[in-house]
Each structure stands twice: as C-alpha cells, then as structure tokens.
Amino acid sequence: MNNKLKSFIKKGVLGVAGRHIAKRGCILCMHRVLPFEKKSPLAFPRDLEVSTVYLAEIIKHFQALGYCFISMDEMADFLESSSKDRVMAITFDDGYKDNLDFALPICESAGVPMAVYVTTNFIDRIIAPWWYSLQSLILERDHIFTGNPGKFEGLRANTQKEKEEAYLWIYKKINEAGIEGRDMLEQVSKANGLSSAPSCDDLMMTWDELRALNDSPLVTIGGHTVSHPRLIWCDDRELKPEIIDSKARLEEELDCNVTHLSYPHGSEHDIPVGISDSATEAGYQTAVTTIPRNLCKGDERLLWTLPRKNVSGENENLFELECSIKGLNLILNRRLRQRLKAVTSFQ
C-alpha cells in the first residue's frame, strides 16, 4: 500500500470508523513477548510471539490516539458506566516466563496495566504447551514418522517449507483428535525415537516467578483453566473442575483473589453455551473469549463472554492493527460481519 493511500485511509476512513465503529475500545489478546531475534522459526508458534519493539509501539501509538489503558479489575465498572472514554486492556494467555522478563518492564515503563491468564498445570509442570513441543520435534528432524498404527508413514521435514507443512499437518490432526490430542503427540514422539514429547517447561513461569509478577501493582492474574482444553470437549463433570480448581490453585499459591478468567482457544466454537453461568458460579467477575470485536454498549450484560482482538506476532503491522481496532476489517469483511451477528445468540 503506497503512502498516499495509507494517509487517505488514516485521515478519512479510519477517522470515521474510529468515531462510529471503534465503539468503547477493545481488549487485546496476546501470549508471548520476545526480542525479535528470539522468536520461533516456524510461522504458527511465531504468531503467538509479539516482539518487544512491537508491544512498545502499540502502547505508544494508541496512547497518542487517546486510548486509556485500564486493568481488567476496572473493566466491569467501565462497561457499566456512561464514560465516553475509549479504552484498551492488554492481556496475555497461558503463563509464559517472558511475560515477566519482557512484557512487564515494557508495561511498567509506560505505566500500563496488564492481565496474565494462567493455566495451572503449565506452572505445575504436569503438562507443557504441546504446540511448542511439536515445533521442537520438527526442528530436530528431517523426516517425521507420524506413528499411524500398521503404517510406515511419514512427512518430509528437510526444508523450511516442508517443516512448516509438517507442523500444520500434525497440528491439524491433534486438534481433530479432540481430548485425545495430547496422546497423539506422544505417539508421534515415540514413533520418532523419543520416550516422550519434547519438554518445553522452561517456557513457562515457576510459582516463584508468577508470585514476582503478581507483586507488580500493574499486574492482574487470572485463571486459564487447569489443563488448557477446548471447553466444548468437556462434559459437565470435567468442565467445572477446569474452571474452579484453577482458581483455587492460583489463590492458594498467590494468596490473593482471582476474579478473572480466559477461556482456552476461546472462539464461539470452543466454549459451550451456558459457560457464563459456570464462570459466574465459580466466582469470576469477568471472562474473556477470542471473539474478535470491539467493546460496545451492552457488554455490561456480557461480562463472562467479553470479546478480544488478537495481536499477530507473524504480521507485526501497526497500521493493520489500527485498521482492525477501528473497525475497517468489519466494514470490508462480510464473513466477519456474519460471524459476529451469529455470535450474538451464543452470548
């Protein structure tokens, strides 16, 4: 896009969109923050990784546009108020160590609050983020045996392109396997001569590190379930402990109230109808999804299915992020408009 067209969009279209579609602001969804040179070599995990420079640019840019950065502790009161402010909240999912090492100093420097939603089994080292274990497996090999019973089947993983394709193929199969997906990764790992899937424990915080993060007055710690399942896969017997036990574990270790929740994966296809009742009964004041829209009037009645907009680490483009936040993608993307219209009945 040339500079003249970009300038026209900024001054014209984004100006109108900012006044009428950006509504009350948005909640940003991120996972990791790393120096650019430390980001993952494969595209999918790299998309979860925002560079330190980009995070600092996002904060500076939207502060200059007049956005007020607020904490999730302030979110319910803001939504229930008649404030005309346009707000932004920064959130991170899972509990990665770089949230402490890199995200916190950037937010502290700018005086901006941040929320970190934690999967307790990651911190307890009971499970690891399998999407990173899969990346480690593929990067270490030129050929991946898939472990299909009765078949000597495999995927080439010699070139960068082949590694990307192998990652996406196995990732898709694991997701399709539902609740048994983690067992499938173990099978693939054993088919490739490993006793278990590669460990990625060092990516996650320890309890001491999480306590250090929680010591910052700018940080709010929230729940992100016990084991990071797609909650739509869980029956009622499994769903309630995921939501309740993670809250209790965090409160026990951190000696504080945990009143905010993030649903793993979090789209309307990943969480069951009625999830708001489960979150309310567990004692959460808010819960966030990954339904990609801005905050708007009426969200005070949807505090347990609040929307968030994803910040891509694969495409670190401040102009495109502003277009998304100010609603230009909603104007241009008919499929997104239809999706958000359908989501209304879900919420």
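The structure contained in this document is the topic of the report that follows. All chains use their own residue numbering, which begins from 1 and follows the written sequence. The model is predicted, so local features are restricted to residues of pLDDT at least 70 and side-chain atom pairs to those at 80 or more, both for listing and for counting; the totals for chains, interfaces and linings are taken over all residues. Note: side-chain values were computed over all heavy atoms of the structure, leaving out hydrogens and water.

### Focus on helix α12 (residues 275–282)
Using a 1.4 Å probe on the protein chains alone, a residue whose accessible area is under 20% of its type maximum counts as buried, one over 50% counts as exposed, and one in between counts as partly exposed. Counting from the N terminus, the helices are the DSSP runs of H or I reaching at least four residues and the strands are the DSSP runs of E reaching at least two. Listing the buried residues of α12 in full gives I275, S278, A279 and A282. All buried residues of α12 lie within an arc of 95° about the axis, which places them on one face of the element. Note on contacts: a residue pair qualifies if any of its non-hydrogen atoms lie within 4.5 Å across the two residues. Of the surrounding elements, those touching the buried residues of α12 are α11 (236–254), β10 (260–262) and β11 (286–288). Phi for G283, located one or two positions after α12, is positive at around 100°. For this quantity, the arc is that covered by the directions from the helix axis to the C-beta atoms.

### A short note on the pairing of strand β5 (residues 87–94)
The buried fraction of β5 is high, at eight of eight residues. Taken together, the six bridges between strand β1 (residues 25–30) and β5 define a ladder with parallel strand orientation. Across the sheet, residue M30 finds its bridge partner in β5, namely F92. The pairing of strand β4 (residues 68–69) with β5 spans two bridges and is parallel. Directly across from F69, in β5, lies its bridge partner M88. At least two bridges found by DSSP between two strands is the condition for calling them paired. Sheet topology note: the β5/strand β6 (residues 114–118) ladder contains five bridges and is parallel.

### Here's the deal with a nonpolar patch on the surface
Side chains of I179, I232 and W233 sit close together on the surface and give an oily, nonpolar patch of about 270 Å² of accessible area. Residue position: I232 is located in the loop between β9 (219–223) and α11. For patches, a residue must show more than 30% relative accessible area and have no salt bridge; joins then use 9 Å for like charges and 5 Å for nonpolar side chains, namely Val, Leu, Ile, Met, Phe, Trp and Tyr. Here, Shrake-Rupley sampling with a 1.4 Å probe gives the accessible areas, and only protein chains in the shown set may cover a residue. Any carboxyl oxygen of Asp or Glu within 4 Å of a side-chain nitrogen of Lys or Arg constitutes a salt bridge here.

### Topic: the side chain of H228
As for its position among the elements, H228 is in the loop between β9 and α11. H228 sits in the buried class, given a relative accessible area of 8%. Among the polar contacts made by the side chain of H228, one reaches the side chain of D94 at a distance of 3.1 Å. For this analysis, a polar contact is any N or O atom pair within 3.5 Å, provided that within protein one partner can donate a hydrogen and the other can accept it, and provided that sequence-adjacent residues contribute only side-chain to side-chain pairs. A polar side-chain atom of H228 sits 3.4 Å from a polar atom in the side chain of H224. Dropping the residues within four chain positions of it, H228 is found in contact with D94, T119, F122, W131, R182, E242, P264 and H265.

### Observations regarding the pattern of salt bridges
In this structure the tally under the stated criterion is 23 salt bridges. Here K39 makes a salt bridge to E316, at a shortest N to O gap of 2.9 Å. With K39 in the loop between β2 (32–34) and α2 (43–47) and E316 in the loop between β12 (309–310) and α13 (318–325), this pair connects stretches of sequence that are 277 residues apart. What makes K39 buried here is its relative accessible area of 10%.

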